[in-house]
Amino acid sequence: MKEQIQKKLNDSKALRWSVLALVAFTMLCGYFLTDVMSPLKPMLEKELLWDSLDYGIFTSAYGWFNVFAFMLIIGGIILDKMGVRFTGMGACLLMVLGCGLKYYAISTTFAEGSTLLGMKTQVGMAALGYAIFGVGVEIAGITVSKIIVKWFKGKEMALAMGMEMATARLGTMLALAVTVPIATFFGITDDEGVFHPNIPAPLLLCLTMLCIGTIAFFIYTFYDKKLDASLEEEGAEPEEPFRMKDIWLIVTNKGFWLIALLCVLFYSAVFPFLKYATDLMVQKYNVDPELAGTIPSLLPLGTLFLTPLFGNVYDRIGKGATLMIIGSVLLIFVHTMFALPILNVWWFATIIMIILGIGFSLVPSAMWPSVPKIIPEKQLGTAYALIFWVQNWGLMGVPALIGFVLNEYCKGPVVDGMQTYDYTLPMWIFAGFGVAALFFALWLKGENKKKGYGLEEPNIKK
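Here we summarise the structure given alongside this text. (Residues numbered from 1 in each chain as written. Predicted model: local features only at pLDDT ≥ 70, side-chain atom pairs only at ≥ 80, totals over all residues. Heavy atoms only, no water.)

## A closer look at the layout of surface pockets
Selection criterion: Think of a 1 Å grid over the protein atoms and nothing else: a 1.4 Å probe that fits but is trapped marks a cavity, an open set flanked by protein within 12 Å on at least five of seven lines marks a pocket, and residues with an atom within 4 Å of a point count as lining. Grid points are joined across faces, edges and corners, and a volume is the space filled by probe spheres set on the points. Under the scheme used here, helices are H or I runs from DSSP no shorter than 4 residues and strands are E runs no shorter than 2 residues, and both carry numbers assigned from the N terminus. Amino acids outside the nonpolar list (Ala, Val, Leu, Ile, Met, Phe, Trp, Tyr, Cys, Pro) and the charged list (Asp, Glu, Lys, Arg) are all regarded as polar, and Gly is one of them.
The volume enclosed by the second largest pocket comes to roughly 550 Å³. Lining the second largest pocket are 24 residues, with Pro42, Met43, Lys46, Pro289 and Met418 positioned closest to its centre. Listing elements by their share of the lining of the second largest pocket, those giving two or more residues are helix H3 (41–47), helix H9 (157–185), helix H13 (271–283) and strand S6 (418–421). Here the lining of the second largest pocket gets 6 residues from one element, more than from any other, and that element is H3. A per-class count over the lining of the second largest pocket returns 12 nonpolar, 5 polar and 7 charged.

Given below as C-alpha coordinates:
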(Lines give C-alpha, C1' and ligand atoms only; values in the text may rest on other atoms or scores of the structure.)
Protein backbone atom coordinates (compact mmCIF):
# COMPACT_ATOMS: atom_id res chain seq x y z
CA MET A 1 0.00 0.00 0.00
CA LYS A 2 2.83 2.36 0.93
CA GLU A 3 4.56 1.71 -2.43
CA GLN A 4 1.36 2.45 -4.30
CA ILE A 5 0.91 5.80 -2.50
CA GLN A 6 4.47 6.88 -3.38
CA LYS A 7 3.68 6.49 -7.11
CA LYS A 8 1.65 9.69 -6.99
CA LEU A 9 3.99 12.50 -7.93
CA ASN A 10 2.27 15.06 -5.70
CA ASP A 11 2.96 12.92 -2.62
CA SER A 12 6.51 14.25 -2.83
CA LYS A 13 6.51 17.37 -0.65
CA ALA A 14 9.65 18.78 -2.30
CA LEU A 15 8.22 18.32 -5.79
CA ARG A 16 4.80 19.86 -5.16
CA TRP A 17 6.38 22.92 -3.54
CA SER A 18 8.89 23.18 -6.40
CA VAL A 19 6.18 23.26 -9.05
CA LEU A 20 4.30 25.82 -6.95
CA ALA A 21 7.43 28.02 -7.05
CA LEU A 22 7.48 27.85 -10.87
CA VAL A 23 3.84 28.88 -11.40
CA ALA A 24 3.94 31.45 -8.57
CA PHE A 25 6.94 33.12 -10.26
CA THR A 26 4.93 33.35 -13.49
CA MET A 27 2.16 35.16 -11.57
CA LEU A 28 4.73 37.46 -9.91
CA CYS A 29 5.82 38.62 -13.38
CA GLY A 30 2.17 39.18 -14.35
CA TYR A 31 1.36 41.22 -11.25
CA PHE A 32 4.43 43.40 -11.84
CA LEU A 33 2.88 44.67 -15.07
CA THR A 34 -0.61 44.87 -13.55
CA ASP A 35 0.46 47.67 -11.20
CA VAL A 36 3.48 49.18 -12.93
CA MET A 37 1.57 52.24 -14.19
CA SER A 38 0.17 53.19 -10.75
CA PRO A 39 3.22 55.13 -9.51
CA LEU A 40 3.61 56.74 -12.96
CA LYS A 41 0.24 58.59 -12.85
CA PRO A 42 1.78 62.03 -12.05
CA MET A 43 4.44 61.51 -14.77
CA LEU A 44 1.80 60.49 -17.32
CA GLU A 45 -0.09 63.72 -16.62
CA LYS A 46 3.00 65.94 -16.76
CA GLU A 47 5.02 64.28 -19.55
CA LEU A 48 2.37 62.69 -21.78
CA LEU A 49 -0.48 65.12 -20.97
CA TRP A 50 -2.91 62.46 -19.73
CA ASP A 51 -5.57 63.48 -17.22
CA SER A 52 -7.25 61.48 -14.44
CA LEU A 53 -10.05 60.37 -16.77
CA ASP A 54 -7.53 59.08 -19.35
CA TYR A 55 -5.75 57.18 -16.60
CA GLY A 56 -9.04 55.83 -15.19
CA ILE A 57 -10.19 54.61 -18.62
CA PHE A 58 -6.77 53.04 -19.32
CA THR A 59 -6.84 51.23 -15.94
CA SER A 60 -10.40 50.02 -16.52
CA ALA A 61 -9.29 48.45 -19.83
CA TYR A 62 -7.95 45.51 -17.79
CA GLY A 63 -11.48 44.09 -17.68
CA TRP A 64 -12.83 45.04 -21.13
CA PHE A 65 -12.42 41.68 -22.90
CA ASN A 66 -12.81 39.67 -19.72
CA VAL A 67 -16.20 41.21 -19.01
CA PHE A 68 -17.78 42.15 -22.34
CA ALA A 69 -16.26 39.42 -24.56
CA PHE A 70 -16.68 36.81 -21.79
CA MET A 71 -13.04 35.83 -22.33
CA LEU A 72 -12.63 34.74 -18.71
CA ILE A 73 -15.62 32.40 -18.87
CA ILE A 74 -14.42 31.03 -22.21
CA GLY A 75 -10.98 30.61 -20.64
CA GLY A 76 -12.49 28.68 -17.71
CA ILE A 77 -14.35 26.32 -20.06
CA ILE A 78 -11.15 25.79 -22.08
CA LEU A 79 -9.32 25.09 -18.82
CA ASP A 80 -11.82 22.40 -17.77
CA LYS A 81 -11.85 20.85 -21.25
CA MET A 82 -8.20 21.20 -22.37
CA GLY A 83 -6.34 21.16 -19.05
CA VAL A 84 -3.83 23.38 -17.27
CA ARG A 85 -0.89 22.97 -19.68
CA PHE A 86 -2.62 24.20 -22.84
CA THR A 87 -4.55 26.96 -21.08
CA GLY A 88 -1.59 28.20 -19.02
CA MET A 89 0.76 28.51 -21.98
CA GLY A 90 -1.89 30.36 -24.00
CA ALA A 91 -2.41 32.77 -21.08
CA CYS A 92 1.34 33.44 -20.82
CA LEU A 93 1.57 34.28 -24.54
CA LEU A 94 -1.37 36.71 -24.22
CA MET A 95 0.39 38.45 -21.31
CA VAL A 96 3.56 38.90 -23.38
CA LEU A 97 1.58 40.18 -26.41
CA GLY A 98 -0.41 42.68 -24.30
CA CYS A 99 2.70 43.96 -22.53
CA GLY A 100 4.50 44.41 -25.86
CA LEU A 101 1.62 46.51 -27.25
CA LYS A 102 1.46 48.59 -24.07
CA TYR A 103 5.23 49.23 -24.21
CA TYR A 104 4.96 50.26 -27.88
CA ALA A 105 2.14 52.71 -27.07
CA ILE A 106 3.95 54.41 -24.19
CA SER A 107 7.33 54.55 -25.99
CA THR A 108 5.92 56.04 -29.23
CA THR A 109 4.97 59.64 -29.99
CA PHE A 110 1.70 59.89 -31.92
CA ALA A 111 0.36 62.78 -34.00
CA GLU A 112 -1.34 65.42 -31.89
CA GLY A 113 -5.13 65.12 -31.99
CA SER A 114 -5.12 61.54 -33.36
CA THR A 115 -7.59 59.15 -31.73
CA LEU A 116 -8.14 55.42 -31.34
CA LEU A 117 -11.36 53.89 -29.97
CA GLY A 118 -12.54 57.43 -29.23
CA MET A 119 -9.48 58.15 -27.04
CA LYS A 120 -6.10 59.78 -27.62
CA THR A 121 -4.20 57.26 -29.77
CA GLN A 122 -1.57 56.64 -27.10
CA VAL A 123 -4.18 56.08 -24.37
CA GLY A 124 -6.30 53.86 -26.66
CA MET A 125 -3.37 51.69 -27.77
CA ALA A 126 -2.00 51.35 -24.22
CA ALA A 127 -5.53 50.45 -23.06
CA LEU A 128 -5.86 47.82 -25.82
CA GLY A 129 -2.54 46.26 -24.78
CA TYR A 130 -3.62 46.29 -21.14
CA ALA A 131 -6.96 44.67 -22.08
CA ILE A 132 -5.16 41.81 -23.91
CA PHE A 133 -2.78 41.43 -20.97
CA GLY A 134 -5.79 41.41 -18.62
CA VAL A 135 -7.23 38.36 -20.40
CA GLY A 136 -3.87 36.57 -20.12
CA VAL A 137 -3.19 37.31 -16.46
CA GLU A 138 -6.72 36.49 -15.30
CA ILE A 139 -6.80 33.16 -17.17
CA ALA A 140 -3.32 32.45 -15.78
CA GLY A 141 -4.75 33.15 -12.31
CA ILE A 142 -7.59 30.62 -12.62
CA THR A 143 -5.20 28.10 -14.17
CA VAL A 144 -2.77 28.41 -11.27
CA SER A 145 -5.67 28.07 -8.79
CA LYS A 146 -6.67 24.78 -10.43
CA ILE A 147 -3.01 23.65 -10.50
CA ILE A 148 -2.79 24.18 -6.73
CA VAL A 149 -5.98 22.18 -6.12
CA LYS A 150 -4.57 19.44 -8.38
CA TRP A 151 -1.26 19.20 -6.50
CA PHE A 152 -2.35 20.06 -2.93
CA LYS A 153 -5.89 18.70 -2.44
CA GLY A 154 -6.10 17.01 0.97
CA LYS A 155 -2.72 18.53 1.83
CA GLU A 156 -1.57 22.12 2.57
CA MET A 157 -3.96 23.69 0.02
CA ALA A 158 -4.72 27.03 1.75
CA LEU A 159 -1.05 27.47 2.67
CA ALA A 160 -0.07 26.78 -0.96
CA MET A 161 -2.66 29.29 -2.23
CA GLY A 162 -1.41 31.77 0.35
CA MET A 163 2.19 31.26 -0.74
CA GLU A 164 1.24 31.69 -4.41
CA MET A 165 -0.70 34.89 -3.67
CA ALA A 166 2.13 36.20 -1.50
CA THR A 167 4.70 35.57 -4.26
CA ALA A 168 2.43 37.20 -6.83
CA ARG A 169 2.02 40.24 -4.54
CA LEU A 170 5.82 40.61 -4.61
CA GLY A 171 5.26 41.69 -8.21
CA THR A 172 2.85 44.38 -7.00
CA MET A 173 5.32 45.48 -4.33
CA LEU A 174 8.15 45.74 -6.88
CA ALA A 175 5.91 47.70 -9.24
CA LEU A 176 5.00 50.24 -6.55
CA ALA A 177 8.50 50.53 -5.09
CA VAL A 178 10.91 50.49 -8.05
CA THR A 179 8.94 51.93 -10.99
CA VAL A 180 9.58 55.63 -10.30
CA PRO A 181 13.29 55.12 -9.43
CA ILE A 182 13.79 53.16 -12.68
CA ALA A 183 11.98 55.82 -14.76
CA THR A 184 14.07 58.52 -13.05
CA PHE A 185 17.39 56.63 -13.38
CA PHE A 186 16.98 56.25 -17.15
CA GLY A 187 15.58 59.77 -17.61
CA ILE A 188 17.31 62.51 -19.59
CA THR A 189 17.79 66.27 -19.28
CA ASP A 190 16.90 68.23 -22.45
CA ASP A 191 18.80 71.15 -23.98
CA GLU A 192 16.84 73.61 -21.84
CA GLY A 193 17.87 71.85 -18.64
CA VAL A 194 14.46 70.24 -18.01
CA PHE A 195 14.57 66.67 -16.73
CA HIS A 196 12.29 64.08 -18.36
CA PRO A 197 11.85 60.63 -16.75
CA ASN A 198 11.95 57.55 -19.00
CA ILE A 199 8.38 56.24 -18.58
CA PRO A 200 8.78 53.24 -20.97
CA ALA A 201 11.83 51.85 -19.09
CA PRO A 202 9.84 50.04 -16.34
CA LEU A 203 7.53 48.57 -19.02
CA LEU A 204 10.52 47.12 -20.88
CA LEU A 205 11.61 45.45 -17.63
CA CYS A 206 8.06 44.01 -17.30
CA LEU A 207 8.22 42.62 -20.84
CA THR A 208 11.54 40.92 -20.09
CA MET A 209 10.21 39.42 -16.86
CA LEU A 210 7.05 38.13 -18.56
CA CYS A 211 9.19 36.29 -21.12
CA ILE A 212 11.12 34.64 -18.25
CA GLY A 213 7.82 33.84 -16.47
CA THR A 214 6.54 32.14 -19.65
CA ILE A 215 9.65 29.94 -19.70
CA ALA A 216 9.05 29.05 -16.02
CA PHE A 217 5.49 27.91 -16.82
CA PHE A 218 6.75 25.92 -19.82
CA ILE A 219 9.11 24.04 -17.48
CA TYR A 220 6.14 23.35 -15.16
CA THR A 221 4.19 21.64 -17.99
CA PHE A 222 6.67 18.74 -18.00
CA TYR A 223 6.01 18.08 -14.29
CA ASP A 224 2.27 18.29 -14.87
CA LYS A 225 2.50 15.69 -17.63
CA LYS A 226 4.41 13.40 -15.24
CA LEU A 227 1.76 13.92 -12.52
CA ASP A 228 -0.99 12.84 -14.94
CA ALA A 229 1.06 9.76 -15.84
CA SER A 230 1.59 8.88 -12.15
CA LEU A 231 -2.15 9.22 -11.44
CA GLU A 232 -2.95 6.91 -14.36
CA GLU A 233 -0.32 4.41 -13.19
CA GLU A 234 -1.85 4.40 -9.71
CA GLY A 235 -5.21 3.57 -11.25
CA ALA A 236 -6.98 6.78 -10.22
CA GLU A 237 -10.42 7.02 -11.74
CA PRO A 238 -10.53 9.58 -14.56
CA GLU A 239 -12.43 12.71 -13.68
CA GLU A 240 -15.94 12.94 -15.10
CA PRO A 241 -15.68 15.27 -18.12
CA PHE A 242 -16.92 18.86 -17.94
CA ARG A 243 -20.24 19.52 -19.67
CA MET A 244 -21.92 22.82 -20.55
CA LYS A 245 -24.77 22.05 -18.12
CA ASP A 246 -22.17 22.31 -15.34
CA ILE A 247 -22.28 26.11 -15.80
CA TRP A 248 -25.95 26.01 -14.81
CA LEU A 249 -25.11 23.94 -11.73
CA ILE A 250 -22.51 26.55 -10.72
CA VAL A 251 -24.66 29.66 -11.22
CA THR A 252 -27.62 28.14 -9.34
CA ASN A 253 -25.39 27.48 -6.32
CA LYS A 254 -26.08 30.20 -3.71
CA GLY A 255 -22.69 29.66 -2.04
CA PHE A 256 -20.96 30.40 -5.35
CA TRP A 257 -22.70 33.78 -5.64
CA LEU A 258 -21.91 34.76 -2.06
CA ILE A 259 -18.21 34.04 -2.65
CA ALA A 260 -18.29 35.83 -6.03
CA LEU A 261 -19.98 38.98 -4.67
CA LEU A 262 -17.71 39.08 -1.63
CA CYS A 263 -14.78 38.77 -4.02
CA VAL A 264 -15.79 41.63 -6.35
CA LEU A 265 -16.62 44.00 -3.48
CA PHE A 266 -13.47 43.24 -1.51
CA TYR A 267 -11.11 43.46 -4.47
CA SER A 268 -12.86 46.62 -5.74
CA ALA A 269 -11.80 48.30 -2.50
CA VAL A 270 -8.18 47.15 -2.80
CA PHE A 271 -6.83 46.85 -6.36
CA PRO A 272 -8.41 50.04 -7.77
CA PHE A 273 -7.30 51.79 -4.55
CA LEU A 274 -3.71 50.71 -5.27
CA LYS A 275 -3.96 52.35 -8.71
CA TYR A 276 -4.43 55.70 -6.94
CA ALA A 277 -2.59 55.05 -3.65
CA THR A 278 0.74 56.54 -4.76
CA ASP A 279 -1.00 59.73 -5.89
CA LEU A 280 -2.94 59.77 -2.58
CA MET A 281 0.37 59.69 -0.66
CA VAL A 282 1.58 62.72 -2.62
CA GLN A 283 -1.69 64.70 -2.54
CA LYS A 284 -2.89 64.12 1.03
CA TYR A 285 0.19 63.06 2.98
CA ASN A 286 2.76 65.27 1.19
CA VAL A 287 5.15 62.39 0.55
CA ASP A 288 7.99 62.99 -1.94
CA PRO A 289 6.79 61.63 -5.35
CA GLU A 290 9.95 59.50 -5.68
CA LEU A 291 9.23 57.79 -2.34
CA ALA A 292 5.41 57.83 -2.48
CA GLY A 293 5.18 54.33 -3.97
CA THR A 294 7.09 52.89 -1.02
CA ILE A 295 4.15 53.25 1.41
CA PRO A 296 1.58 51.42 -0.80
CA SER A 297 4.24 48.77 -1.48
CA LEU A 298 4.01 47.83 2.22
CA LEU A 299 0.60 46.29 1.46
CA PRO A 300 1.90 43.52 -0.84
CA LEU A 301 5.00 43.19 1.38
CA GLY A 302 2.73 42.46 4.35
CA THR A 303 0.77 39.87 2.36
CA LEU A 304 4.05 38.10 1.58
CA PHE A 305 4.20 36.93 5.21
CA LEU A 306 0.59 37.13 6.37
CA THR A 307 -1.30 35.37 3.54
CA PRO A 308 0.62 32.08 4.02
CA LEU A 309 0.25 32.49 7.80
CA PHE A 310 -3.53 32.86 7.63
CA GLY A 311 -3.70 30.12 4.98
CA ASN A 312 -1.86 27.82 7.38
CA VAL A 313 -4.37 28.74 10.13
CA TYR A 314 -7.23 27.80 7.78
CA ASP A 315 -5.52 24.52 6.83
CA ARG A 316 -4.95 23.43 10.42
CA ILE A 317 -7.68 25.14 12.49
CA GLY A 318 -10.38 26.20 10.00
CA LYS A 319 -12.51 29.34 10.62
CA GLY A 320 -12.44 30.39 6.93
CA ALA A 321 -15.74 32.34 7.04
CA THR A 322 -14.66 34.11 10.24
CA LEU A 323 -11.34 35.16 8.65
CA MET A 324 -13.29 36.76 5.75
CA ILE A 325 -15.49 38.72 8.18
CA ILE A 326 -12.50 40.10 10.12
CA GLY A 327 -10.76 41.09 6.86
CA SER A 328 -13.85 43.00 5.68
CA VAL A 329 -14.07 44.92 8.99
CA LEU A 330 -10.41 45.96 8.66
CA LEU A 331 -11.09 47.15 5.10
CA ILE A 332 -13.87 49.49 6.30
CA PHE A 333 -11.66 50.85 9.09
CA VAL A 334 -8.73 51.57 6.75
CA HIS A 335 -10.66 53.49 4.09
CA THR A 336 -12.53 55.47 6.76
CA MET A 337 -9.17 56.54 8.22
CA PHE A 338 -7.94 57.56 4.76
CA ALA A 339 -11.14 59.57 4.20
CA LEU A 340 -11.10 61.49 7.49
CA PRO A 341 -9.13 64.78 7.59
CA ILE A 342 -6.88 63.64 10.46
CA LEU A 343 -3.14 63.17 10.85
CA ASN A 344 -2.11 64.02 7.30
CA VAL A 345 1.43 62.76 7.92
CA TRP A 346 3.41 59.94 6.31
CA TRP A 347 3.76 57.76 9.42
CA PHE A 348 -0.02 57.61 9.94
CA ALA A 349 -0.53 56.61 6.28
CA THR A 350 2.11 53.91 6.79
CA ILE A 351 0.31 52.43 9.83
CA ILE A 352 -3.04 52.43 8.00
CA MET A 353 -1.46 50.76 4.96
CA ILE A 354 -0.03 48.01 7.18
CA ILE A 355 -3.52 47.38 8.64
CA LEU A 356 -4.90 47.18 5.09
CA GLY A 357 -2.19 44.59 4.39
CA ILE A 358 -3.54 42.47 7.25
CA GLY A 359 -7.11 42.70 5.91
CA PHE A 360 -5.91 42.00 2.39
CA SER A 361 -4.20 38.84 3.66
CA LEU A 362 -7.16 37.56 5.67
CA VAL A 363 -9.86 37.49 3.01
CA PRO A 364 -8.03 35.94 0.00
CA SER A 365 -6.26 33.36 2.21
CA ALA A 366 -9.68 32.04 3.25
CA MET A 367 -11.77 32.84 0.17
CA TRP A 368 -9.93 31.01 -2.62
CA PRO A 369 -9.41 27.71 -0.72
CA SER A 370 -13.12 27.81 0.20
CA VAL A 371 -14.24 27.52 -3.44
CA PRO A 372 -13.35 23.77 -3.76
CA LYS A 373 -15.52 23.16 -0.67
CA ILE A 374 -18.53 24.65 -2.46
CA ILE A 375 -17.90 23.55 -6.09
CA PRO A 376 -16.99 20.02 -7.37
CA GLU A 377 -13.43 19.70 -8.78
CA LYS A 378 -14.49 19.02 -12.39
CA GLN A 379 -16.28 22.43 -12.40
CA LEU A 380 -13.49 24.33 -10.61
CA GLY A 381 -11.88 25.95 -13.66
CA THR A 382 -15.22 27.36 -14.82
CA ALA A 383 -16.22 28.33 -11.26
CA TYR A 384 -12.97 30.25 -10.71
CA ALA A 385 -13.42 31.84 -14.14
CA LEU A 386 -16.96 32.97 -13.29
CA ILE A 387 -15.76 34.41 -9.97
CA PHE A 388 -12.92 36.22 -11.75
CA TRP A 389 -15.45 37.45 -14.36
CA VAL A 390 -17.64 38.96 -11.65
CA GLN A 391 -14.49 40.39 -10.02
CA ASN A 392 -13.47 42.00 -13.33
CA TRP A 393 -16.64 44.11 -13.36
CA GLY A 394 -15.17 45.81 -10.31
CA LEU A 395 -11.60 45.92 -11.62
CA MET A 396 -12.91 47.48 -14.83
CA GLY A 397 -15.59 49.82 -13.51
CA VAL A 398 -14.20 51.14 -10.23
CA PRO A 399 -10.94 52.71 -11.56
CA ALA A 400 -12.94 54.52 -14.24
CA LEU A 401 -15.46 55.63 -11.61
CA ILE A 402 -12.70 56.97 -9.34
CA GLY A 403 -11.01 58.71 -12.30
CA PHE A 404 -14.34 60.36 -13.21
CA VAL A 405 -15.03 61.42 -9.60
CA LEU A 406 -11.53 62.92 -9.25
CA ASN A 407 -11.85 64.79 -12.55
CA GLU A 408 -15.36 66.12 -11.90
CA TYR A 409 -15.54 66.76 -8.15
CA CYS A 410 -12.09 66.61 -6.55
CA LYS A 411 -9.78 68.94 -8.51
CA GLY A 412 -7.65 71.40 -6.57
CA PRO A 413 -5.26 74.09 -7.81
CA VAL A 414 -2.42 73.36 -10.26
CA VAL A 415 0.92 73.47 -8.39
CA ASP A 416 4.27 73.44 -10.29
CA GLY A 417 2.49 72.23 -13.42
CA MET A 418 0.83 69.32 -11.55
CA GLN A 419 -2.93 69.00 -10.99
CA THR A 420 -3.83 68.47 -7.30
CA TYR A 421 -6.78 66.41 -6.05
CA ASP A 422 -8.81 65.94 -2.84
CA TYR A 423 -9.16 62.17 -2.28
CA THR A 424 -11.83 62.32 0.46
CA LEU A 425 -14.79 61.30 -1.73
CA PRO A 426 -12.96 58.38 -3.43
CA MET A 427 -11.95 57.01 -0.02
CA TRP A 428 -15.58 57.05 1.17
CA ILE A 429 -16.54 55.16 -2.00
CA PHE A 430 -13.92 52.50 -1.17
CA ALA A 431 -15.21 52.31 2.43
CA GLY A 432 -18.71 51.68 1.03
CA PHE A 433 -17.41 48.65 -0.88
CA GLY A 434 -15.97 47.39 2.42
CA VAL A 435 -19.39 47.66 4.13
CA ALA A 436 -21.01 45.67 1.31
CA ALA A 437 -18.22 43.03 1.48
CA LEU A 438 -18.87 42.61 5.23
CA PHE A 439 -22.57 42.03 4.56
CA PHE A 440 -21.83 39.17 2.13
CA ALA A 441 -19.16 37.69 4.40
CA LEU A 442 -21.73 37.46 7.23
CA TRP A 443 -24.32 35.99 4.85
CA LEU A 444 -21.77 33.39 3.65
CA LYS A 445 -21.10 32.32 7.24
CA GLY A 446 -24.83 31.86 7.79
CA GLU A 447 -25.18 29.86 4.56
CA ASN A 448 -22.24 27.68 5.60
CA LYS A 449 -24.14 26.75 8.79
CA LYS A 450 -27.19 25.75 6.75
CA LYS A 451 -25.46 23.84 3.94
CA GLY A 452 -22.45 22.44 5.81
CA TYR A 453 -19.81 23.50 3.27
CA GLY A 454 -17.13 23.06 5.92
CA LEU A 455 -15.75 26.61 5.65
CA GLU A 456 -15.10 26.69 9.41
CA GLU A 457 -13.35 23.29 9.31
CA PRO A 458 -9.61 22.69 8.65
CA ASN A 459 -8.45 21.72 5.12
CA ILE A 460 -5.84 19.12 6.09
CA LYS A 461 -7.46 15.71 6.38
CA LYS A 462 -5.94 13.62 9.16
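## Let's talk about empty space enclosed by the protein
Applicable threshold: Just so you know, the domain bounds were taken from an automatic or database domain assignment.
For the structure shown, the criterion picks out 2 cavities of 30 Å³ or more. Size it by volume and the largest cavity reaches roughly 350 Å³. Lining the largest cavity are 26 residues, and of these Tyr31, Arg169, Phe271, Phe388 and Gln391 sit closest to its centre. Looking at the lining of the largest cavity, the elements that each hand over two or more residues are helix H2 (13–35), helix H8 (121–152), H9, H13 and helix H17 (380–409). Take the lining of the largest cavity: its biggest share by element is 7 residues, from H8. For the lining of the largest cavity, the per-class residue count stands at 17 nonpolar, 5 polar and 4 charged. Counting only domains with at least three residues in the lining of the largest cavity, you end up with domain 1 (9–241) and domain 2 (243–461). Roughly 40 Å³ of internal volume is contained in the second largest cavity.

## Comments concerning H9
To keep things clear, this is the line we draw: By definition here, a helix of n residues has an expected span of 1.5 Å times n minus one. The reported bend at a residue is simply the angle between two axes, fitted to the 7 residues ending at it and to the 7 residues beginning with it.
With 29 residues, H9 extends 41 Å between its outermost C-alpha atoms, agreeing within 8% with the 42 Å of an ideal straight helix rising 1.5 Å per residue. Remark: the principal bend of H9, roughly 45°, maps to Val178, with a proline, Pro181, within the next four residues.

## Description of the packing of aromatic side chains
The criterion, for reference: What counts as a ring pair is set by centres within 6.5 Å for rings of Phe, Tyr and Trp (its six-membered ring), and what kind of pair is set by the plane angle: stacked under 30 degrees, edge-to-face over 60, tilted for all other angles. Only protein chains enter the accessibility calculation, which uses a 1.4 Å probe; a residue is then buried when its area is under 20% of its type maximum, exposed when over 50%, and partly exposed in between.
In this structure the tally under the stated criterion is 33 aromatic pairs. Look at Phe58 and Tyr130: their rings are 4.9 Å apart centre to centre, the planes differ by 20°, and that puts the pair in the stacked class. Here Phe58 is found in helix H4 (residues 52–60), whereas its partner Tyr130 is found in helix H8, with 72 residues between them in sequence. Taken as a pair, Phe58 and Tyr130 share a single burial class, namely buried. Consider the rings of Tyr267 and Phe271, whose centres lie 5.1 Å apart with planes at 15°: the pair is stacked. With relative accessibility at 2%, the residue Tyr267 sits in the buried group. According to the relative accessible area criterion, Phe271 is buried, its value standing at 9%. Members of the aromatic cluster, each reached through a chain of ring pairs, are Tyr31, Phe266, Tyr267, Phe271, Phe360, Trp368, Tyr384 and Phe388.

## Some remarks on the side chain of Glu45
Short version of the rule: Pairing of N or O atoms within 3.5 Å defines a polar contact, subject to two protein rules: one partner must be a possible hydrogen donor and the other a possible acceptor, and residues neighboring in sequence count only if both atoms are side-chain atoms. What makes two residues a contact is simply this: any of their non-hydrogen atoms within 4.5 Å.
Along the chain, the position of Glu45 falls in helix H3. For Glu45, a relative accessible area of 15% translates into the label buried. There is a polar contact of 3.5 Å between the side chain of Glu45 and the side chain of Ser52. Among all residues touching Glu45, those that are not within four sequence positions of it are Trp50, Asp51, Ser52, Gln419 and Tyr421.

## Here's the deal with the nonpolar core
Operational definition: To qualify as a nonpolar core, a set must consist of buried Ala, Val, Leu, Ile, Met, Phe, Trp, Tyr and Cys residues joined through side-chain atoms within 4.5 Å.
Ranked by size, the top nonpolar core spans 156 residues in total, and within it Met281, Phe338 and Trp368 carry the most contacts. Counting residues per element, this core draws most heavily on H8, which supplies 18 residues. Looking at which domains feed residues into this core, each of domain 1 (9–241) and domain 2 (243–461) supplies at least three. In contact with Phe338, other than residues within four places in its own chain, are Phe273, Leu280, Met281, Lys284, Tyr285, Ala349, Ile352, Met353 and Met427.

## Some remarks on the pattern of salt bridges
Threshold: Any Lys or Arg side-chain nitrogen found within 4 Å of a carboxyl oxygen on Asp or Glu counts as a salt bridge.
Applying the stated criterion across every chain, the model contains 12 salt bridges. Across the pair Lys41 and Glu45 runs a salt bridge, and its minimum N-O distance is 2.8 Å. Of this pair, Lys41 and Glu45 both sit in helix H3, 4 residues apart, which is roughly one turn of that helix. The pair formed by Lys41 and Glu45 is uniform in burial state, with each residue classed as buried. One salt-bridge network, held together by shared partners, links Arg85, Lys150, Asp224 and Asp228.

## Some points on the pairing of S6
Where we set the bar: Criterion used throughout: strands pair if DSSP finds at least two bridges between them.
Of the pairings in the sheet, the one linking strand S5 (residues 411–415) to S6 comprises 3 bridges and is antiparallel in character. From the neighbouring strand, Val415 faces S6, where its bridge partner is Met418. Linking two consecutive strands that pair antiparallel, namely S5 and S6, is a turn of 2 residues; a positive phi of about 50° is found at Asp416 within it.

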